[in-house]
Amino acid sequence: MKHKKSIITLAVLGMTLSGAAGVFAGANLQKITAYLNHSISIKVDGKVYDTSKNMTPITYKNTTYLPVRAIADVLDVPVRYDAMNRQVVIGTGTDQGQSNELVSVKYSETQLREIRNAFAKFDGFETAYAPVQMVEGDAYRKTVASGDGVNLVFEHMTVNISPRDYSHGYNSKPVTLSNGTKAKWYTPDDTAMLGFQLDDRFVTISSPDHSLSQSQLEKIAVHVVKTK
């Protein structure tokens with residue numbers, strides 16, 4: 001963990017978070033001239049990472065800054081921007097209202113009907129699936145039927161269930177979940193996606209606000225099941 005903290009500390013000023021720039025208006029912004037440094041590569045625990053996308057270091061006044069979101073994903077450390085307090089929040093802890101513990105998702109009857117109705121809109125795909133575990137501190141918000149699947153939206157994660165595999169065409173990293181399921185990580189933009197096949201469908205789990213780590217999402221993945 002000390003190793004992770006030292007790298008993250010160097011990376012904080014390089015963070016790019018959706019919506020973060022807007023809160024630092026007026027006098028809080030200071031214009032500087034910096035350089036994207038493509039000559040520097042990043043190696044973590046012996047593995048070299050491609051800096052061509054989302055991970056290019058910035059050099060400013062003889063100091064190198066790394067994009068904290070990308071580095072946090074490499075180190076499997078959750079990171080998010082707390083707009084209310086204007087804070088970059090790295091890691092988990094009780095002060096964030098989160099921990100690594102998983103808790104049961106207690107859907108109300110109304111919520112279960114919402115989930116079932118979303119799946120019922122697709123012929124041959126009516127059987128409803130949902131995660132029955134979530135990270136402590138998270139909360140279920142809604143279920144939305146998209147053009148070719150269903151999105152279960154939580155405060156800190158989205159679970160997409162679709163007849164097709166969205167990972168095609170992207171570089172991926174294979175992983176094996178704790179129940180033996182073969183899954184893969186891929187990153188179509190700045191949000192890492194965990195995809196795997198479950199019965200006749202494909203499940204994709206992500207944390208759009210980047211507050212959940214990859215290991216947390218992998219733990220949740222094995223708890224996506226048919227609803228009763």
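All residue numbers refer to positions counted from 1 along the written sequence of the respective chain. Only residues with pLDDT of 70 or above have their local features reported here, since the model is predicted, and side-chain atom pairs are shown and tallied only from 80 upward, although totals for entire chains, interfaces and linings are computed over all residues. Side-chain figures throughout are based on the complete set of non-hydrogen atoms in the structure, without hydrogens or water.

As recorded in an unreviewed UniProt entry, the protein chain goes by Copper amine oxidase-like N-terminal domain-containing protein and comes from Paenibacillus lactis.

Asks: Mind showing me how you'd approach the overall build of the protein chain here?
Replies: Only DSSP runs of H or I with at least four residues qualify as helices, and only runs of E with at least two residues qualify as strands; both kinds are numbered from the N terminus onward. The helix and strand tally for the protein chain stands at five helices and 18 strands. To sort residues, take the accessible area from a 1.4 Å probe on protein chains only and compare it with the maximum for the residue type: under 20% means buried, over 50% means exposed, and anything in between is partly exposed. Here the protein chain holds 228 residues, and 42% of them are scored as buried. Considering only residue pairs separated by 6 or more positions, the protein chain has 55% of its internal contacts joining residues 24 or more positions apart. Should any heavy atoms of two residues lie within 4.5 Å, those residues are counted as being in contact.

Asks: Help me understand the sheet that holds strand E17 (residues 201–206), please; the structure alone is not making it clear to me.
Replies: Pairing between the strands of a sheet is mediated by backbone hydrogen bonds and can be parallel or antiparallel. For two strands to be treated as a pair, DSSP must find no fewer than two bridges joining them. An order of E11-E12-E13-E17-E16-E15-E14 is seen for the seven strands of this open sheet, with the pairing classed as antiparallel. In the strand order of this sheet, the two ends are held by strand E11 (140–145) and strand E14 (172–176), each with one partner. Recorded for the sheet is a direction-independent mean angle of 20° between the axes of neighbouring strands. Two elements, strand E16 (residues 193–198) and E17, share six bridges in a ladder whose sense is antiparallel. The partner of Gln-197 across the bridge, within E17, is Phe-202. Lines fitted to C-alpha atoms define the axes, with helix axes restricted to the stretch in contact, and inter-axis angles between N-to-C directions lie between 0 and 180 degrees.

Asks: Can you help me understand the nonpolar core in this one?
Replies: Nonpolar side chains tend to gather and get buried jointly when the protein is soluble and globular. Core analysis: the largest hydrophobic core is formed by 36 residues, its most contacted members being Leu-152 and Ile-161. Looking at which element gives the most residues to this core, the answer is helix H4 (residues 109–120), with four residues. Nonpolar cores are built from buried Ala, Val, Leu, Ile, Met, Phe, Trp, Tyr and Cys residues. Side-chain atoms within 4.5 Å join them into one set. Residues Ile-42, Ala-70, Ile-71 and Val-77 belong to the second largest nonpolar core, which totals eight residues.

Asks: I keep staring at the sheet that holds strand E4 (residues 58–60) and nothing clicks. Help me out?
Replies: Spatially, three strands are ordered E1-E4-E5 in an open sheet, and the strand pairing comes out antiparallel. Sheet topology places strand E1 (35–36) and strand E5 (63–65) at the edges, where each strand pairs with a single neighbour. For E4 and E5, the ladder comprises three bridges, and the chain directions are antiparallel. Its bridge partner being in E5, Tyr-60 is matched across the sheet by Thr-63.

Asks: Would you take a moment to explain helix H5 (residues 214–221) for this structure?
Replies: Count 3.6 residues to each turn of an α-helix, and residues three or four apart come out pointing the same way. Buried within H5 are the following residues: Gln-214, Gln-216, Leu-217, Ile-220 and Ala-221. Around the axis of H5, the buried residues are gathered within 160° of arc, so they sit on the same side. For this quantity, the arc is that covered by the directions from the helix axis to the C-beta atoms.

Asks: Explanation requested: the confidence of the model for the protein chain in the structure shown.
Replies: Low pLDDT means the predicted coordinates in that region are not meant to be read closely. Scored from 0 to 100, pLDDT records how confident the predictor is in each individual residue. Mean pLDDT over the protein chain stands at 81; residues scoring 70 or higher make up 80%. Averaged over each element, pLDDT in the protein chain is lowest for helix H2 (residues 20–23) (45) and highest for strand E9 (residues 129–131) (98). Here residues 12–24 is a poorly scored stretch, pLDDT under 50, and it has 21 contacts once near neighbours within four places are set aside; other chains count. Counting contacts from residues 94–98, a segment whose pLDDT is below 50, to residues more than four positions away or on other chains yields twelve contacts.

Asks: Teacher, can you tell me more about the packing of aromatic side chains here?
Replies: Within a pair of aromatic rings, the relevant descriptors are the distance that separates the centres and the angle that separates the planes. Pairs were defined over the aromatic rings of Phe, Tyr and Trp, the Trp ring being its six-membered one, requiring ring centres within 6.5 Å. Orientation was assigned from the angle between planes: stacked under 30 degrees, edge-to-face over 60, tilted for the rest. Counted according to the given criterion, the structure contains five aromatic pairs. A centroid spacing of 5.8 Å and a plane angle of 20° characterise the contact between Tyr-170 and Tyr-186, whose relative ring orientation is stacked. Remark: Tyr-186 occurs in strand E15 (residues 182–186) and Tyr-170 occurs in the loop between strand E13 (158–162) and E14; sequence separation between them is 16 residues. Judged by relative accessible area, which is 38%, Tyr-170 ranks as partly exposed. Taken together, the ring pairs in this structure connect Tyr-107, Tyr-140 and Phe-154 into an aromatic cluster. Distance and angle both matter: a charge sits over a ring if NZ of Lys or CZ of Arg is within 6 Å of the ring centre and within 35 degrees of the ring normal. Cation over ring: Arg-201 sits above Phe-125, and NZ or CZ is 4.0 Å from the ring centre.

Asks: Honestly, the pattern of salt bridges in this entry has me stumped. Any pointers?
Replies: If the charged atoms of two oppositely charged side chains come close together, the side chains can form a pair. By definition, a salt bridge exists where a carboxyl oxygen of Asp or Glu is found within 4 Å of a side-chain nitrogen of Lys or Arg. Overall, the coordinates contain four salt bridges when judged by the stated rule. Residue Arg-201 is joined to Asp-200 by a salt bridge in which the shortest nitrogen-to-oxygen separation is 2.8 Å. Owing to a relative accessible area of 2%, Arg-201 belongs among the buried residues under this scheme. On the basis of relative accessibility, which here comes to 43%, the residue Asp-200 falls in the partly exposed class.

Asks: Got a minute to help me understand empty space enclosed by the protein in this structure?
Replies: It is a probe the size of a water molecule, rolled over the atoms, that shows where empty space is left. Note on definitions: the grid is 1 Å and covers protein atoms alone; a cavity is a set of points where a 1.4 Å probe fits but cannot get out; a pocket is an open set with protein on both sides within 12 Å along at least five of seven lines; lining residues have an atom within 4 Å of a point. Grid points are joined across faces, edges and corners, and a volume is the space filled by probe spheres set on the points. The tally for this structure, following the rule as stated, stands at one cavity of 30 Å³ or more. Quantified by volume, the largest cavity comes out at close to 110 Å³. Contributing to the lining of the largest cavity are 16 residues, with Asp-73, Ala-192, Ser-207, His-210 and Leu-212 lying nearest its centre. Only helix H3 (68–75) and H5 provide two or more residues apiece to the lining of the largest cavity.

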